[in-house]
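# Structural features, examined
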Amino acid sequence: MSFDLVLFGGTGDLTWRKLMPALFQAMRHHQLPPGGRILAVARDERSDDEYRAFIRERFAEVEASKRPSEAEFADFARMLHYRRMDLSHPQDYAGLKAWLAERGADVAVLYLATSPHLFPVICEQLGQAGLNGPGVRVVLEKPLGHDLASAQQINRVVRSVFAEEQAFRIDHYLGKPAVQNLMALRFGNALFEPLWRRESIANIQITLAEGMGVGTRGDYYDRTGALRDMVQNHALQLLTMIAMEPPPSNDADAIRDEKLKVLKSLKPFSADSVARDVVRGQYRAGNVGGQPVKGYLEEAKVPAGSRCETFVALRTEVQNWRWAGVPFYLRTGKRLAAHDSQIVVTFREVPHPIFPGTRRANKLVIKLQPEDGLELHLLAAKGSGAAGLHGEMLTPVSLDLDFDKAFASERIGAYERLLMDAISGRLNLFVRSDEQEQAWRWVEPVLDAWANDPSGPRPYSAGGWGPAAASALVARDGCAWAEEQ
Ligand code: BG6
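Residues numbered from 1 in each chain as written. Predicted model: local features only at pLDDT ≥ 70, side-chain atom pairs only at ≥ 80, totals over all residues. Heavy atoms only, no water.

### A look at the overall build of the protein
- Looking only at helices and strands, the protein has 14 helices and 17 strands in total.
- By the compact-globule yardstick of 23 Å for 485 residues, the protein fits well, its C-alpha radius of gyration being 24 Å.
- Each principal axis of the C-alpha distribution contributes one length, and for the protein these read about 80 × 50 × 45 Å.
- Relative to its full complement of 485 residues, the protein shows a buried share of 54%.
- Long-range contacts, defined here as pairs at least 24 residues apart, represent 77% of the contacts in the protein between residues at least 6 apart.
- Accessible area for the protein stands at about 20900 Å²; split by element, carbon and sulfur atoms hold 53% of it. (Helix = DSSP H or I, 4+ residues; strand = E, 2+ residues; numbered from the N terminus. Rg over C-alpha atoms; globule rule 2.2 N^0.38 Å. Buried < 20%, exposed > 50% of the residue type's maximum accessible area, 1.4 Å probe, protein only. Contact = heavy atoms within 4.5 Å. Areas by Shrake-Rupley, 256 points an atom, 1.4 Å probe, with all protein chains shown as cover.)

### Describing the sheet that holds strand E1 (residues 3-8)
- Pairing is parallel in the open sheet, where six strands are placed in the order E3-E2-E1-E4-E5-E6. Lying at the two open borders of the sheet, with one neighbouring strand each, are strand E3 (80-84) and strand E6 (167-169). Averaged over neighbouring strand pairs, the angle between their axes works out to 20° when direction is ignored. (Pairing = 2+ DSSP bridges. Axes fitted to C-alpha atoms, helices over the stretch in contact; angles between N-to-C directions.)

### So, the site of the ligand
- In the vicinity of the ligand, the contacting residues are Lys142, His172, Tyr173, Lys176, Glu210, Arg217, Asp229, Met230, His234, Lys334, His339 and Gln369.
- Between the ligand and His234, the relevant distance is 2.7 Å, taken from an oxygen atom to a side-chain nitrogen or oxygen of the residue.
- In the complex, the protein chains occlude 84% of the 400 Å² of accessible area that the ligand would expose alone.
- Element by element, the count of residues in the shell around the ligand is highest for helix H8 (residues 218-243), at three residues.
- In the shell around the ligand, the residues fall into two nonpolar, four polar and six charged. (Near = heavy atom within 4 Å. Polar contact = N/O pair within 3.5 Å; in protein donor to acceptor, adjacent residues only side chain to side chain. Nonpolar A, V, L, I, M, F, W, Y, C, P; charged D, E, K, R; others polar.)

### Section: the pattern of salt bridges
- One pass over the full model with this rule turns up 36 salt bridges.
- In this structure, Arg37 engages Glu102 in a salt bridge whose closest nitrogen and oxygen atoms are separated by 3.8 Å. Of the two residues, Arg37 is situated in strand E2 (residues 37-42) and Glu102 in helix H4 (residues 90-103); the sequence distance between them amounts to 65 residues.
- Of the charged contacts, one joins Arg432 and Asp257 as a salt bridge, the two residues approaching to 2.9 Å between their closest N and O atoms. Of the two residues, Arg432 is situated in the loop between helix H12 (414-424) and helix H13 (433-451) and Asp257 in helix H9 (residues 252-265); the sequence distance between them amounts to 175 residues.
- A relative accessible area of 9% places Arg432 in the buried class. (Salt bridge = Lys/Arg side-chain N within 4 Å of Asp/Glu carboxyl O.)

### A word on the sheet that holds strand E17 (residues 458-461)
- Spatially, E16-E15-E14-E13-E7-E12-E11-E8-E17 is the arrangement adopted by the nine strands of the open sheet, whose pairing is mixed. The sheet terminates laterally at strand E16 (394-402) and E17, the two strands that pair on one side only. Adjacent strand axes in the sheet meet at a mean angle of 20°, parallel and antiparallel pairs treated alike.
- Here strand E13 (residues 340-347) pairs with strand E14 (residues 363-369) via six bridges, running antiparallel.

### Considering the packing of helix H1 (residues 13-28) against helix H2 (residues 48-58)
- At a minimum axis distance of 10 Å, the contact between H1 and H2 shows a crossing angle of 85°. On the basis of the axis angle, H1 is roughly perpendicular to H2. Contact residues: H1 offers Thr15, Trp16 and Met20, while H2 offers Tyr51, Phe54, Ile55 and Arg58.
- Taken together, the residues of the contact of H1 with H2 sort by class into five nonpolar, one polar and one charged. (Parallel < 35°, antiparallel > 145°, perpendicular 65-115°, else oblique.)

### Considering the pairing of strand E7 (residues 201-209)
- Buried residues dominate E7, accounting for eight of its nine residues.
- Bridging between E7 and strand E12 (residues 328-333) involves six bridges; their strand directions are parallel. Paired with Ile204 across the bridge in E12 is Phe328.

### Side note on the nonpolar core
- With 122 residues, the main nonpolar core has Met20, Phe76, Tyr111 and Ile343 as its most contacted residues.
- Per-element tally for this core: the top contributor is H8, with 13 residues.
- Among residues more than four places away in sequence, those in contact with Tyr111 are Leu5, Val6, Leu7, Phe8, Leu14, Leu19, Val139, Glu141, Ile170, Tyr415 and Leu419.
- Counting residues in each nonpolar core, the second largest holds 29 residues, with Leu126, Val138, Leu144 and Phe162 among its members. (Core = buried A, V, L, I, M, F, W, Y, C linked by side-chain atoms within 4.5 Å.)

In structure tokens, the structure reads:
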């Protein structure tokens, strides 16, 4: 199968930080169908060679193991092309169409790595130029809108030009190996399914913690905040993967139908429940990994007195028969103690302990970052003394599966996975418009309540785990976050 991949936003951060390294890795791993072309599109004038030199330089900022050698880059560069386009000029789309037609590849993947306010104009122009035929796929980067109305508006335009099965809405968390492991764990094994319900599970925590601050993205971030940046998409997508019913098949829509049902079952927020069940925070100066770091308000391009949240913790429930009453805690933040993301499924304790002093719940930990893996926490007997087995001999142990080590040669990164899926037309790991809109519907009351609440985000020191109120939120149910246990 031959392909052309067009990257709108071809000189932007996302392109050189994530997409080019992922495409290069895909080439290295022999995943890219041979003979494909990659066309970067942006506003300024440059030649193919100038663009190649620009990307070559940017690779210096990519982690060392993912940088190409001279020879590898030469191979990669042969695929790279550049085209200047004004995104509102029909003649530029006609030129793009002619460029694509020259070769007539089986598939043209049009990746919109631009600011989302450009999505409608790009899609309309693509439609008018007839660049929406059956071989065309459009990839839309997040954030898709900043609330329900704007997401619906973008989706209306996308749907007026492309069929739903041509629209690949990216949530790069779905491309992470841990998410595939989760699907394999739940639906490739019979072991956990009987336990995967309220009768056996006490609570579920999803933590997406970052040590980094907002860096140079202060202006984008300040318009966005942690709820829109991480919860509406990444955290909720992980929650759907955990809570969904087994789908009838591995087809994209079978999976997405089940995920949508979970989103529709989430307990809706009211102004009162936002005050009780949602904590927002903003980092102050502190230390991360032994280095002093600035507070959010001192970051570049952050307006004075900003009330933007850089941390969110919340409690919700999935209101259906499987999960009724089980708390789901979501937490995400910047400038936390570590880049450490995981899902912790805590099982109920034994109903009648015969070893006094050993009440301890089993846990399944699905690790996303820094490495992906799986841990099962159990109690085991250390040995047996003269007095036979008794409480003090039981000790916590964990069965630890390090997937990074076990499958190192076969592991591919999130963007690599998703780009290859878009090229080959697999929609399983992309978000359908109704899922995305339902996620906005659910977070909107939180945004509204915050807009009307003068108290603003709670301060927390960089390098910690967020405001103390986040611990109190789970302590109310007799729980604690993983690092507090
Ligand atoms: C992006 C957010 O979607 O995800 C960023 O916009 C965040 O703010 C990033 O840093 C985190 O992704 P990862 O894969 O590094 O955990």
